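Breakdown of the fold
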Amino acid sequence: MNTRSHEVPASADDAERDPHRGHGHGHGHGIGAEADRRLLSGALILIVGFMAVEVVIGVIARSLALVTDAGHMLTDAVAIVFALIAMRIAARPPRGGFTYGLKRAEIISAQVNGITLLLLAAYFVFEGVRRLIVPPEVEGAYVVATGLAGIVVNLAATWLLNRADRSSLNVEGAFQHILNDLYAFIATTVAGAVVWLTGWGRADAVAALVVAALMLKAGWALVRDSGRIFMEAAPAGLNPAEIGRRTAALDHVAEVHDLHVWEVTSGYAAMSAHILVAPGSDCHTVRQAAEKLMHDEYGIGHTTLQVDHAAPPVIELGRARAGHCADPHGPVHLPAGEDDAPEETGATSRR
C-alpha cells in the first residue's frame, strides 16, 4: 500500500490559463496577504469617514435612499473589519486539532457578509414599499450632492478592493458590499435629481428598492458559494465523476473509488482517492501520473492518494473486494469499456 500526501505549486502560467489555479491557500495574482490588508484598510478609512457625513445629511433631507446607503456603508465597514480579522486568523499555521489551520475563518466572514446583505435587503424592501404608499417630502438637492460625493468615495474604495485577491471569498464578500454601495449611490443620485426637478417623492423609494434587489443578488451568491465550501462540495467547475473516469483511464489503473474533491477555503482545492492498479505495476508511477493529471488538468495541487495493487478478482470482475475498503464511499470508476455505468458502493459521499 502507498499513501501519499502531495502538494504541487501552481505556476503563474497555470493561473492565467485556469481560474482554479494559482490560488492555493487563498492568494494568487502575485498579491500577498499583507498587500490585501493594506488595500482593505484604505477602503475602510474612506467608507467610515463618508458614512458619518451621510447619516447627518440623510436625516436632514429625510431621504430613505440616503439612509439606505448609510446603513449599507455601515455593513461595508463591518464587512471589511470581518475580512481583515479573518485574514489574520486564517494566516495562522496548522496546530493541534486544526490540521488545516484556520483557513475557513475567511469563509465564515464571507457567509456573514452574505447574510447581512440579505437581511438589509429585506428591511429596505419593507421600507421602500411603505414609502411608495406614503411618500415623505425629500430634499432632492441634498440627495444629489451627497450621492455624487458618495459615487466618488465608493469608486475609490471599489478600485482599492478590486486590486486585492478577489479569488478569496472573504475579499469578494467585502468587495460585493462596496460595489453594491456604489450602485446604491448611483440610484440615489438619479432619484434625488428626479425629486429635485419634478417633485415626485416616490423616486427615492424606487431607488431604495432597486438597490435592495442588487443586495439580494450579491448576498445570495455569497451565501451559496460559502455554503458549498462548508458542505465540502466539489469546487464549482470541477466534476468529480469526470475526474474519476480520467483517473481510471490512466495506464495500469484497474479501479478508482473513495474519490473526494472539496475546498478547504476559496481557491484551495483538495482531492483524495483510493486507486487500485494491476498486479506487478509500479504504484509510485501511477500515483505520480494521477498527481500530474490533477495539477495540470484540474488545478488541484493538494492530493492524498492511496495506491494499492488490485487482487485478481478485482481485475476479473471489476469490483472491489473486502480487504481493500470495508466501507467504500461513492461510485466506483473503472477503465473505459469494463463497465458502462459505475456501480454505487455504499452511500454516495462527497467531502
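Quick look at the structure, then. (Residues numbered from 1 in each chain as written. Predicted model: local features only at pLDDT ≥ 70, side-chain atom pairs only at ≥ 80, totals over all residues. Heavy atoms only, no water.)

1. Quick notes on the packing of aromatic side chains
This is how it is decided: Note on ring pairs: Phe, Tyr and Trp rings are taken, using the six-membered ring of Trp, and paired if centres are within 6.5 Å. Classes follow the plane angle, with under 30 degrees stacked, over 60 edge-to-face and the rest tilted. A run of H or I in DSSP becomes a helix once it reaches four residues, and a run of E becomes a strand once it reaches two; helices and strands are each numbered from the N terminus. Any residue under 20% of the maximum accessible area for its type is buried, any over 50% is exposed, and the rest in between are partly exposed; the area is computed with a 1.4 Å probe on protein chains only.
One pass over the structure, following the stated rule, counts 3 aromatic pairs. Relative to Tyr268, the ring of Tyr100 has its centre 6.3 Å away and its plane inclined at 90 degrees; by these criteria the two rings are edge-to-face. Taken together, the positions of Tyr100 in the loop between helix 3 (64-90) and helix 4 (105-133) and Tyr268 in strand 3 (residues 268-277) put the pair 168 residues apart, joining distant regions of the chain. The class for Tyr100 is partly exposed, based on a relative accessible area of 28%. Judged by relative accessible area, Tyr268 falls into the buried class, the value being 5%.

2. A closer look at the environment of His284
With respect to the element layout, His284 can be found in helix 9 (residues 283-298). Here the alpha-carbon distance between His284 and Val307, two residues 23 residues apart in the chain, equals 8.0 Å.

3. Things to note about the nonpolar core
Inside soluble globular proteins, nonpolar side chains tend to come together where they are buried. Definition in use: Only buried residues count toward a nonpolar core. Its members are Ala, Val, Leu, Ile, Met, Phe, Trp, Tyr and Cys residues joined through side-chain atoms within 4.5 Å. We call two residues in contact whenever any of their non-hydrogen atoms come within 4.5 Å of each other.
If you look at the biggest cluster of nonpolar residues, it comprises 26 residues, and the most contacted ones within it are Leu40, Ala43, Ile47, Met73, Ile80, Leu161 and Ile178. Counting residues per element, the ones that place at least two in this core are helix 2 (33-61), helix 3, helix 5 (140-162) and helix 6 (169-198). Apart from residues lying up to four places away in sequence, Ile178 is in contact with Ile47, Asp76, Ile80, Asn154, Ala157, Thr158 and Leu161.

4. Remarks on helix 9
Filter applied, for reference: The length a helix should cover is 1.5 Å for every residue beyond the first. We define a polar contact as two N or O atoms separated by no more than 3.5 Å, with the added condition that, inside protein, one atom must be a possible hydrogen donor and the other a possible acceptor, whereas residues neighbouring each other in sequence contribute only through side-chain atom pairs.
With 16 residues, helix 9 extends 22 Å from end C-alpha to end C-alpha; this agrees with the ideal 22 Å at 1.5 Å per step. In this structure Asp282 caps helix 9, since a side-chain oxygen of it lies 2.9 Å from the backbone nitrogen of His284. At the C-terminal side of helix 9, Gly299 shows a positive phi close to 70 degrees.

5. What about helix 7 (residues 202-230)?
Taking 1.5 Å per residue, 29 residues should reach 42 Å; helix 7 reaches 42 Å between its end C-alpha atoms and fits that length. Glu232, located one to two residues past helix 7, shows a positive phi value of around 55 degrees.

6. Observations concerning the pattern of salt bridges
Applicable threshold: Criterion for a salt bridge: a side-chain nitrogen of Lys or Arg within 4 Å of a carboxyl oxygen of Asp or Glu.
All told, the structure shown has 6 salt bridges when counted by the stated rule. Here Asp225 makes a salt bridge to Arg224, at a shortest N to O gap of 3.1 Å. Judged by relative accessible area, which is 29%, Asp225 ranks as partly exposed. Judged by relative accessible area, Arg224 falls into the partly exposed class, the value being 40%. As a salt-bridge pair, Arg246 and Glu297 come within 3.8 Å of each other at their nearest N and O atoms. Of this pair, Arg246 sits in helix 8 (residues 240-248) while Glu297 sits in helix 9; the two residues are 51 residues apart in sequence, bridging distant segments of the chain.

7. Remarks on the pairing of strand 3
Spelled out, the test is: Each pair of strands is called paired provided DSSP finds at least two bridges between the two strands.
Most of strand 3 sits out of view: 10 of its 10 residues are buried. Here 9 bridges tie strand 2 (residues 253-265) to strand 3, and the two strands are oriented antiparallel to one another. Pairing of Thr265 across the sheet is with Tyr268, part of strand 3. Relative to strand 4 (residues 302-309), strand 3 runs parallel, the two being bridged by 8 bridges. When the bridges of strand 4 are listed, Ala270 appears paired with His302.

8. Focus: the pairing of strand 2
Most of strand 2 is tucked away, with 13 of its 13 residues classed as buried. From the end of strand 2 to the start of strand 3, which pair antiparallel, there are 2 residues, and Gly267 there has a positive phi angle of about 80 degrees.

9. Structural notes on unusual backbone geometry
Positive phi values are uncommon outside glycine, yet Glu232 reaches one of about 55 degrees. Inspection of the secondary structure assignment puts Glu232 in the loop between helix 7 and helix 8. Positive phi outside glycine occurs at His252, with the angle close to 75 degrees. Tracing the backbone through its elements, the reader meets His252 in the loop between helix 8 and strand 2.

These figures come from the coordinates and say nothing about function on their own.
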